[in-house]
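Coordinates in review
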Amino acid sequence: MPADERFAVRRDRARASVPRPLAAAPVPSGVPLPDGLALRGRLATGARRPETPRGSGRGGSGSRTPRSGRGGGPRRAYERARRAWDRPLTAYYVILGSSLLITVLGLVMVYSASMIKALDISKPSTYFFGKQFLAAVIGGALMLLAARMPVKLHRALAYPILMVTVFLMVLVQVPGIGMSVNGNQNWLYLGGPFQLQPSEFGKLALILWGADLLARKQDKRLLTQWKHMLVPLVPVAFMLLGLIMLGGDMGTAIILTAILFGLLWLAGAPTRLFAGVLGAAAAIAFLLIRTSPNRMSRLACMGVSEPDPEGGCWQAAHGIYALASGGWFGSGLGASVEKWGQLPEPHTDFIFAITGEELGLAGTLSVLALFAALGYAGIRVAGRTEDPFVRFAAGGVTTWITAQAVINIGAVLGLLPIAGVPLPLFSYGGSALLPTMFAVGLMIAFAREDPAAKAALAMRKPGVRWKTMRRRVKKRPSGER
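Report follows, based on the coordinates.

Reading the values: rules and limits
- The residue numbers shown here count from 1 along each chain, following its written sequence.
- Local features in this predicted model are restricted to residues whose pLDDT is 70 or higher, and side-chain atom pairs enter the listing and the counts only when it is 80 or higher, whereas totals over whole chains, interfaces and linings include all residues.
- As a rule here, side-chain values come from all non-hydrogen atoms in the structure, and water together with hydrogens is ignored.
- Only DSSP runs of H or I with at least four residues qualify as helices, and only runs of E with at least two residues qualify as strands; both kinds are numbered from the N terminus onward.
- Burial classes: relative accessible area under 20% of the type maximum marks a residue as buried, over 50% as exposed, and values in between as partly exposed (1.4 Å probe, protein chains only).
- Here the accessible surface of atoms and residues is derived via Shrake-Rupley with a 1.4 Å probe, and residues count as covered only by protein chains that are part of the display.
- A pair of strands counts as paired when DSSP detects no fewer than two bridges linking them.
- To define axes, lines are fitted to C-alpha atoms, for helices over the stretch in contact only, and angles between the resulting N-to-C directions are given on a 0 to 180 degree scale.
- Handedness of each helix crossing follows the sense of rotation of the near helix against the far helix: counterclockwise by less than a right angle gives left-handed, clockwise gives right-handed.
- Any two residues whose heavy atoms approach within 4.5 Å are treated as being in contact.
- We call a set of buried Ala, Val, Leu, Ile, Met, Phe, Trp, Tyr and Cys residues a nonpolar core when their side-chain atoms join them within 4.5 Å.
- Only residues whose relative accessible area exceeds 30% and that take part in no salt bridge are eligible for patches, with like-charged residues grouped when within 9 Å of each other and nonpolar side chains (Val, Leu, Ile, Met, Phe, Trp, Tyr) grouped when within 5 Å.
- One side-chain nitrogen of Lys or Arg within 4 Å of one carboxyl oxygen of Asp or Glu is enough to make a salt bridge.
- Working definition: a disulfide is two cysteine sulfur atoms within 2.5 Å of each other.

Below, the discussion takes up the overall build of the chain. In terms of regular secondary structure, the chain is built from 19 helices and three strands. Counting across all 481 residues of the chain, residues that qualify as buried make up 38%. Taken as a whole, the chain presents about 27,700 Å² of accessible surface, with 63% of it coming from carbon and sulfur.

Structure, rendered in structure tokens:
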């Protein structure tokens, strides 16, 4: 037999020795099979299962990819926190949450710190708290209104707010109309127990008007010239400062000066120009302090630990006493000793001292953390926008709130002179609370205007979420999905 024939015979014998699979039963066409029968049919026709690498199954010794949700230590926690902070809506929620928490905690502390003061003037213990609560409700409505207003409307309101504020500040100096409180002629009487301090609204007016002015000049590429950067921003700011100083309120004038420097810095003022304006402001401040015995006495109270025998530095020393007696967790709400007539104005300028006495170091650090979060979120909004008006306005509001908080807390700690400015969103005072809450609503509106934040908010709407998360499954002829 030839070799090729012998090879063919061996091949046929080898094929006959291999067992053949059972043939699948014929299936009528057009009838769908269940998944289990279809799988058996595929295996019956000889389809091979995909091979799995050895050791990769359950209980195998091969290498596994670690799950991202477990382990990792501090580095993984840091990465998660960084990714969470980089989300589009982080600044929006941080500004809203921190401002509301500061306001609510401020209401609690105003009630606790002002009870004895109210009883001392023959008023109910909730007298100051009721007025502050009413101002917080009105301020919340203003914050919601500002958060829902478009940026164009905010720019359109810049000039009307400035004109109304200047008119009210001039009206304060008219004899018989303006009121003097604690030696400052900066108040208007509204009837009943309500008063208004127009200089508090001057901060908001300067921010809106200055941001609109600088944004229009940047669009025309005029900010490269120093005269366009200074005029008319600096003259209008000096006019507001002059009207404030006519009433003797140097604390508000310091905050307004800080806002002016913040706007100039955001506009890219050169170092020489910035230093020149700063030097002129420092010289004017030195003359104003030097010529006033009251301001000189406040400057001399920095760092004191006990009042002098003649009664000077009484407020500064007792503010330190209140903080020192608080300990880690304080003496408890309502258990302050310094508010029983020892500490003047415990619910306004020195409410942070009462907070330290009743809530301790934990309470004061919580307040500081909330202000730090609010300031950092404002910087994020100003740094990520491409709209110059949003950048200038958000930077101005952040400068206003952080500078005022630093000055107030620094005075309570004895590190700065007592300037007589309230703690934003925290201290008692409706005139200070209303424009501040409107400014917070302004930053919330700016955070919502970010394109990524807009897309994220649109995805959270119920209709959009249903359309995007819904499973699109083609219906079968039988009506089943």
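In this section: the pairing of strand β1 (residues 178–181). The side chains of a regular strand alternate, residue by residue, between the two faces of the sheet. Bridge count for β1 against strand β2 (residues 184–191) is three bridges, and the pairing is antiparallel. Opposite Val-181, over in β2, you have Asn-184 as the bridge partner. A loop of two residues connects β1 with β2, the two strands running antiparallel in sequence, and Asn-182 in this loop sits at a positive phi of about 55°.

Helix packing for two helices is described by the angle between their axes and how far apart those axes are. It is at 9 Å that the axes of helix α11 (residues 250–266) and helix α16 (residues 388–412) come closest, and there the two elements cross at 140°. Our pair here, α11 against α16, has a crossing hand that is right-handed. Across from Ile-254, Ile-255, Ala-258, Ile-259, Gly-262, Leu-263 and Leu-266 in α11, the residues of α16 making contact are Arg-391, Phe-392, Gly-395, Gly-396, Thr-399, Trp-400, Ala-403, Gln-404 and Ile-407.

What follows concerns the nonpolar core. Note on soluble globular proteins: their nonpolar side chains tend to be buried together. Counting 106 residues, the largest nonpolar core has Ile-95, Leu-233, Leu-264, Phe-389, Phe-392 and Phe-446 as the members making the most contacts within it. In terms of residue count, the dominant contributor to this core is α16 (13 residues). Not counting residues within four places of it along the chain, the set of residues in contact with Ile-95 comprises Leu-374, Ala-377, Val-381, Val-440, Met-443 and Ile-444.

Another aspect to go through is unusual backbone geometry. Of the consecutive residues Val-231 and Pro-232, the connecting peptide bond is found in the cis state with omega at 0°. Within the secondary structure, Pro-232 is located in the loop between α9 (226–230) and α10 (233–246). Even without being glycine, Leu-425 reaches a positive phi, approximately 65°. Residue placement: Leu-425 occurs in the loop between α16 and α17 (430–448).

Okay, a nonpolar patch on the surface next. Nonpolar side chains collect at one region of the surface, where Trp-328, Phe-329, Leu-361, Leu-365 and Leu-368 lie side by side and expose about 580 Å² of accessible area between them. Note on Phe-329: relative accessible area 67%, which makes it exposed.

With respect to the secondary-structure elements, Ala-382 resides in helix α15 (residues 351–384). Separated by 16 residues in the primary sequence, Ala-382 and Thr-398 place their C-alpha atoms 8.9 Å from one another. Setting aside anything within four residues of it in sequence, one finds Ala-382 in contact with Arg-391, Ala-394 and Gly-395.

Put plainly, a disulfide is one covalent bond tying together the sulfur atoms of two cysteines. Under the defined criterion, the tally for this structure stands at one disulfide. Sulfur-sulfur distance for the disulfide between Cys-301 and Cys-313 comes to 2.0 Å. Across the S-S bond linking Cys-301 and Cys-313, the dihedral sits near -90°, which makes this disulfide left-handed. In this pair, Cys-301 sits in the loop between α13 (293–300) and α14 (314–324) while Cys-313 sits in the loop between α13 and α14, placing the two residues twelve residues apart along the sequence. The same class applies to Cys-301 and to Cys-313, which are both buried.

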